[in-house]
Amino acid sequence: MSAPLLEIERLSVTFSGGKKLVRAVDGVDLSLGRGEVLSLLGESGSGKSVTLRTVLRLHNERRTKVEGSIRLDGTDVLALKGRALTDFRGKEAAMIFQEPMLAFDPVYTVGQQIVEAIRQHEQVTSAEGRKRALELFERVRIPSPERRLDAYPHEMSGGMRQRAMIALALACRPKVLLADEPTTALDATVQVQILLLLRELQRELGLSVIFVTHDIGVAVEVADRIAVMYAGRIVEIGSVRDVIRTPRHPYTLGLLSTRGHGGGLSGDRLPAIPGSPPDLTALPPGCAFAPRCQLASDVCRQAAPEAVTLAPGHLVRCHRTADTVKGLPKAAVTS
Amino acid sequence: MLSAEEIDNWNGGTPPAPAKLPPALLEVSGLVKHFPLKGGLFGRGQGVVRAVDGVDFTVYTGETLGIVGESGCGKSTTARLVMQLIRPDDGRIVFDGVDVGGPKLPLKGYRAQVQMVFQDSYASLNPRMTIEESIAFGPTVHGVSQSEAVARARALLDRVGLAPQRFAGRYPHELSGGQRQRVNIARALALKPRVLILDEAVSALDKSVEAQVLNLLLDLKDEYGLTYVFISHDLEVVRYMSDRVMVMYLGKVAEIGPTEQLYRASRHPYTTALLGSLLSMDPDRRTTEAPLAGDPPNPINPPPGCRFHTRCRSAEALCSEKVPGPTRIDGEAPHYAACHMADRTSGHSRAPARSPV
Amino acid sequence: MLFAPADVKVPAVPIERSPGYWSTVWRRFSRDPVAMAALAVIVLLILVAIFAPYLAPADPYRGMTLRRLRPPGTEGYPLGTDELGRDMLSRLMYGARLSLFMGVTPVFLALFIGAAIGITAGYVGGWVNTILMRTMDVFFAFPSVLLAIALSGALGAGIVNGLISLTVVFIPPIARVAESVTTSIRTRDYVEAARASGASALLIIRKHVLGNVLGPIFVYAMSLIAVSMILASGLSFLGLGVKPPEPEWGLMLNTLRTAMYTQPLLCALPGVMIFITSISFNLLTDGLRSAMDIKA
């Protein structure tokens, strides 16, 4: 096993912008191998987007306290400053966002922005840059790429813009691609196209990808490994087969059971996870999921669980893993 | 008994056993809405957005009709037209046998019977009114006394799972998305409607909260004998909630029929493509091919003939010339597909052969 | 069919009430030191204006030409005397009355009229909106100073005419803001929901639109008070608006012009008062705007 490309250790991110401190990420350990796709799966407040943005150091320095370490191919990301930091962004690691309209400057054409990105990091002429941009557009399967290079963002459809954003991210041949819910805002038929494209590009270019999503289906389609996050912590991590076929954390089990709509469940009530997403300004002591967990015991409420290794590469942070081998017991349905 | 509409659309073959359908509650026919594009002198003259371009459907009492489609299909506009929040350019809405807006059913009376829950839970509530004031507003408009309206509001809050003593005096910004959506449901129910239109009501919620709200909706439907129109882009949720599903494309109905029949044996290529875009839950059997290329087109200049023909793999010359009407598909419950391939009389090479009579 | 309230037993526990909107706004506002300071200054000025007869050491109208243009610090005249020998401090205090009056009154009158026009245009839309707003645009096209001067000139000098011209100047911008705020509120889902429950347009405006629209309009109007004061002072400076011997800061600036080279400090005093008052109103408005911006 070659050394992992990206290593995140004991990462904690606390925001001090509002009245109370928000602990968005609480002790996250992650590693991303070369050519691997890792999906961060979770709902709002899980800390998945914050983790991703911290890799690119996108948060406001004054209002964010970051602890722990992030190392990309040997570079200490958290120690980067100034010129080194701007060089890092885009070249070593690049990001694609959920809303492509927001990532593009509306007053410049898409082609201009890609060329700008390339020339920011490499010494190429404008013509060379444009040639590269054209190649990228062909690679992301944008029809009539020559013409589209000169289009403004608002002139493109949603799917096209997303492809353009992927082209922008890949412009400087980054080592890591960070995808923050890039398909959430897309229609179903377009989402499938973009996911297939990303998978194809990842294979061709050997990219390492961290893919943040709240949709299990998306994670299954693209990821090699899945990390399920809740309240700023990773509660379960493993290969995609481990997590989908043999989930062991009550939260993962809950998520997967609500996803089993369709056919089988019509007429019955959905097995729903009770309660609401956690309040990150007032996390309970112990396991953050305990207030909503069927299997919660006193231990769960008092002590935050440590990671338990269930199989090689399959870790779960739960005190009750012994009771989840066959899934969750059938509980009273909540509404 | 076959309705007049069913007989009109009959395309031959053995008539199905007359299904025991519940009475039709909402009958929409020929609904049209075009929005003028801004620009040009006086803000007109740049073309129209054909948001809804001839939509017919029926909602039967006690059922849940799901409406699915992608951007530009017109499902939200249809919802607002049914609610009469926008005035249709053409078309007729009949509620319980009576013309809406006519002398026997003025708008105000109609609105007490058909209510809507919107997608954006925060924007749907007046930020300056407390929760119970928001819920009690509707009934007071219809003559209910203030004290009774407030009592009803509190009872409804309790019913949707929000303890009145904790929530009645709060403001919308103090509640979470799921809680606000429950308030919106309570607000819609305060008028004791018979039909509830849910326009992407759970789309903005987290999955875990979404399941709770869906369960609540099902409970309320059973308890109060409601009829739902459930609009969503999430095909799995629609499959779970609906008895029948209507698929819309570019302002027209592509297919409408019983849920399972539609999901398992769709007869319109767009429906098939849409269902084919559902993501796999099995890591060993991932999707390998996207069923459709390109983005959903713009309803400003829809293609001639069948609107889907530009992206359809089975399109033929006929498809760009003639608009396919709804063709009845064999089966118990009414199932229609607007496709030449389903129509024996169309002349499409893939149309079923005429059976010997 | 549907339940009756009696079916559901709701425990008779008192309902927790959250603090209302304005009390929340006040709470946030009171935590802003700059805004509170501005408020204090304005309150002080208002009190001085109201109690000027009791606070002023001398009669602002009586002057002794022998004692004209004394510098500040002269015995008996803490801020000096003006060109007719009148006590500056007293004149500044009495001036507060007129200046504040000329600043606030036109804006409040314009607020009523402009808000009515703008809200109607915004809610009704269509050609009504077009007619009303384009009419406002005609007035808005003139620079405010020019318009004020033109109107005052046409109407003649004097306080009442000055008030009228200033009110007319401020109606279009307020109407514009009112229209744009109303239009954005009108399309919100909760207004649609209110329409969907069968409420009439007037009821919707009263219950749903006004509450959400008046706040921003009010804050915008407040930001115009400073402008109004300066415009009024400008009018008096030019000989329109307030006439001598009334003490009004702008007028005082005019009449003290002659002393600019001999007693510059004296000359600047009324200007300083105008500056302090306008900046306090501006900071107050900023503070209000931040306090009212309550996000989820």
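This report concerns the structure included in the present document.

So, how was this worked out
Once a new chain begins, its residue numbering starts again from 1 and follows that chain's sequence as written. Labels are handed out in written order, letters beginning with A for the chains and numbers beginning with 1 for the ligands. Totals for whole chains, interfaces and linings use every residue, but because this is a predicted model, local features are given only for residues with pLDDT of at least 70 and side-chain atom pairs only at 80 or more, for both listing and counting. As used throughout, a nonpolar core is a set of buried Ala, Val, Leu, Ile, Met, Phe, Trp, Tyr and Cys residues joined through C-beta atoms within 7 Å of each other. A residue is called partly exposed when the number of other C-beta atoms within 10 Å of its own lies between 12 and 20, exposed at 12 or fewer, and buried at 20 or more, with C-beta atoms placed from the backbone. What counts as a contact is two residues whose backbone-derived C-beta atoms lie within 7 Å of each other. Under the DSSP-based scheme used, a helix requires at least four consecutive residues in state H or I and a strand at least two consecutive residues in state E, with every element numbered from the N terminus. Each residue gets one label: Ala, Val, Leu, Ile, Met, Phe, Trp, Tyr, Cys and Pro are nonpolar, Asp, Glu, Lys and Arg are charged, and the others, such as Gly, are polar. Here, expected helix span is obtained from the residue count minus one, scaled by 1.5 Å. Here the axes come from fitting lines to C-alpha atoms, over the contacting stretch only for helices, and the angles between their N-to-C directions go from 0 to 180 degrees. Roughly parallel means an angle under 35 degrees; roughly antiparallel, over 145; roughly perpendicular, 65 to 115; everything else is oblique. Take the far helix as your reference; a near helix turned counterclockwise from it by less than a right angle gives a left-handed crossing, and one turned clockwise gives a right-handed crossing.

## Here's the deal with the nonpolar core
Across soluble globular proteins, nonpolar side chains have a tendency to be buried as a group. Leu 178 and Ile 210 of chain A together with Ile 174 of chain C are the most contacted members of the largest nonpolar core, which totals 275 residues. The residues contacting Ile 174 of chain C, other than those within four sequence positions of it, are Ala 110, Leu 111, Gly 114, Ala 115, Gly 118, Ile 217, Tyr 220 and Ala 221 of chain C.

## Points about the environment of Leu 170 of chain A
Residue and element names in this part refer to chain A. Along the chain, Leu 170 turns up in helix H7 (residues 158-170). Sequence separation between Leu 170 and Leu 136 is 34 residues; the distance between their C-alpha atoms is 7.7 Å. The residues touching Leu 170, leaving out its near neighbours within four places in the chain, are Ala 94 and Leu 136.

## A closer look at the interface of chain B and chain A
Taken together, the contact between chain B and chain A spans 37 residues of the former and 39 residues of the latter. If you list the elements that add at least two residues to the side of chain B that touches chain A, you get helix H8 (207-224), helix H9 (235-241) and helix H11 (269-276) of chain B. With 10 residues, H8 of chain B is the largest single contributor of residues to the side of chain B that touches chain A. Split by residue class, the side of chain B that touches chain A holds 18 nonpolar, 11 polar and eight charged.

## Quick word on helix H7 (residues 177-189) of chain B
With 13 residues, H7 of chain B extends 18 Å from end C-alpha to end C-alpha; this agrees with the ideal 18 Å at 1.5 Å per step. Buried residues dominate H7 of chain B, accounting for 13 of its 13 residues.

## Section: the packing of H7 of chain A against helix H8 (residues 188-205) of chain A
Describing two packed helices takes the angle between their axes plus the distance from one axis to the other. Residue and element names in this part refer to chain A. The interhelical angle for the contact between H7 and H8, taken along N-to-C directions, is 20 degrees, at an axis separation of 10 Å. In terms of axis orientation, H7 runs roughly parallel to H8. Pair H7 / H8 crosses with right-handed handedness. Judged by residue contacts, Gly 158, Gly 159, Gln 162 and Arg 163 of H7 engage Val 190, Gln 193, Ile 194 and Leu 197 from H8.

## Considering unusual backbone geometry
Residue and element names in this part refer to chain A. Phi angles above zero are rare outside glycine, and Asp 73 is one such case at about 50 degrees. Here Asp 73 shows up in the loop between strand E4 (64-72) and strand E5 (75-76). Backbone geometry at Ser 144 places phi at a positive 45 degrees, although glycine is not the residue there. Checked against the element boundaries, Ser 144 lands in the loop between helix H5 (126-139) and helix H6 (145-149).

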